[in-house]
Amino acid sequence: MPQKLYDFFQTPSIQTPTAGANIAGFIDGKNFKYYESSSAKLPAVVNALQAKAKSNKATIYTNSLEALWIKHYPLIKVKHMDTLKSAEGDGAVEVTPVVQVTKKWPRRLGAMALAAPLTGGGLYAAAAGLSKDLDLPAGSREKGLARALRYYMLAAYSLVDISSEESYEGLKNYVGALLVSDQGKILAAGINTGSYRHAEVSMLLSYFRDNPTATAIPERSIIFSTLTPCRGCTGYLSAARSTDSVIYFGQEDTGKDGKVGARISAQLSAKTKEPHGQSRDALPGSVDVDDVGGDGVVSGGSISSIHKIQVDKGLASCMGEGSIATQIGKAQESRALIRSSSDALIQKMLKSRQGGDDEHAVKEAVLRYIGQWLGTSKSLE
Ligand SMILES: [Zn+2]
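Values in this document were obtained by computation on a predicted structure and should not be read as measured data.

A few words on the packing of aromatic side chains. Two aromatic rings, taken as a pair, are described by how far apart their centres are and by the angle between their planes. Considering all chains together, one arrives at nine aromatic pairs under this definition. Here Y152 and F224 contribute two aromatic rings whose centre-to-centre distance is 5.7 Å and whose plane-to-plane angle is 25 degrees, an arrangement assigned as stacked. In this pair, Y152 sits in helix α5 (residues 141-157) while F224 sits in strand β10 (residues 222-227), placing the two residues 72 residues apart along the sequence. Overall, the relative accessible area of 0% leaves Y152 in the buried class. Residue class for F224 comes out buried when judged on its relative accessible area of 0%.

Structure (structure tokens):
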């Protein structure tokens, strides 16, 4: 039965959904095609957008305030049901609601299942409390863990040539992101393929797709993004973050959106650190909801922190000076280059190893793991 779009959104179960339940859809001819989701972290609006990804022209309507981080991506129109009016505009359009059962997902990156490299954990502690690398005692496990953080960032960089292959034409920024556990296991990966599918979003969607009952990323996890998260990504990261997770980025986005994202990320942080771990004063914990992605996106007093990390100079210079994120994306060989660099580092370490101290053991385990992960990773439906 056709009804006004406004009236459809007045349905009690849509007006007052149970925890996590949300819907999103778009007008297609005389139909309102919509998706349902039972997870606020993996909102139906993603399915609706993905269904319309080719054109990017549809307006998506949703009952989920928490999904509104998406509205900060260019070309995307997302409207919350409260903006619909009964007698005018799209709210007055007569439609037949049709629930969509076949869900659409962005492509994701996957790799062969591998055992975590750091059985004793410790990567989170290294990331959260990042001591100045140089100050750590040579040969210590802590020193190895501090170096391991850079290797994961390099792994994130090495994803960006996939990004350049799979992106829509005209995409300028190639970005990679990894979600890594305290034990060093890569839990999810993402690349920027355009519009709302930024690397961090692709990474989170991939994680929630693999873990449909999860309501947040795991405690003590570390996010590595090659670029400062933008405001849309920051919105989703803040919606999906755990109490103690850490964000690392490799390169500052000096554009307008990157600056906004950096500011919000800083506000989200209880502690923000400069490169090499020099602490700055704590920043306010409050976040302006208008900046982040809609009412309700940021709530509670969860604490996370954001840090910049510098990749090894030698490797960075191989990728070209200037804007690494752009240059590396144009270099199809960057992935192979990082893999061979990892191999070279392993060989060097094996040669110089004298009885094998804790620092070397950590570096070797992590480099082997990353090498295997990169070697088997591929883009999946
Ligand atoms: Zn983004």
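Our focus in this paragraph is the sheet that holds strand β3 (residues 31-37). The sheet built from six strands is open, its strands ordered β1-β6-β3-β2-β4-β5 with mixed pairing. Here the strands that pair on one side only, and so sit at the sheet edges, are β1 (3-4) and β5 (77-80). Both strand β4 (residues 59-62) and β5 contribute to a ladder of four bridges, which runs parallel. When the sheet's bridge partners are listed, Y61 is paired in β5 with K79. Its contacts with the sheet place helix α3 (residues 44-51) against β2 (22-28), β3, β4 and β5, and it is angled at close to 25 degrees to β2.

Before going further, it helps to spend a moment on the nonpolar core. Grouped together as the largest cluster of nonpolar side chains are 41 residues, with contacts concentrated most on V45 and Y236. For this core, the secondary structure elements donating two or more residues are β2, α3, β8 (176-180), α7 (199-210), β10 and α8 (231-240). Element by element, the count of residues in this core is highest for α7, at seven residues. Formed jointly, this core draws a minimum of three residues from each of two domains, domain 1 (3-99) and domain 2 (108-380). Sequence-distant contacts of V45, that is, excluding residues within four places in its chain, are made with N22, A24, I60, A67, I70 and V78. Ranked by size, the runner-up nonpolar core spans 35 residues in total, among them M153, A156, I222 and L367.

What follows is about the pattern of salt bridges. This model, assessed by the stated rule, comprises seven salt bridges. In this structure, K41 and E66 form a salt bridge, with 3.0 Å as the shortest nitrogen-oxygen distance. Placement of K41 in the loop between β3 and α3 and of E66 in the loop between β4 and β5 is noted, with a sequence separation of 25 residues between them. Its relative accessible area of 14% is what places K41 among the buried residues.

This brings us to the environment of D7. Tracing the chain through its elements places D7 in helix α1 (residues 5-8). Since its relative accessible area comes to 35%, D7 is described here as partly exposed. Measuring from C-alpha to C-alpha, the distance between D7 and S86 comes to 7.3 Å, with 79 residues separating the pair along the chain.

Rules and cut-offs
- Residues numbered from 1 in each chain as written.
- Predicted model: local features only at pLDDT ≥ 70, side-chain atom pairs only at ≥ 80, totals over all residues.
- Heavy atoms only, no water.
- Phe/Tyr/Trp six-rings, centres within 6.5 Å; stacked < 30°, edge-to-face > 60°.
- Helix = DSSP H or I, 4+ residues; strand = E, 2+ residues; numbered from the N terminus.
- Buried < 20%, exposed > 50% of the residue type's maximum accessible area, 1.4 Å probe, protein only.
- Pairing = 2+ DSSP bridges.
- Contact = heavy atoms within 4.5 Å.
- Axes fitted to C-alpha atoms, helices over the stretch in contact; angles between N-to-C directions.
- Core = buried A, V, L, I, M, F, W, Y, C linked by side-chain atoms within 4.5 Å.
- Domains from an automatic or database assignment.
- Salt bridge = Lys/Arg side-chain N within 4 Å of Asp/Glu carboxyl O.

Honestly, it's all geometry; don't read function into it.
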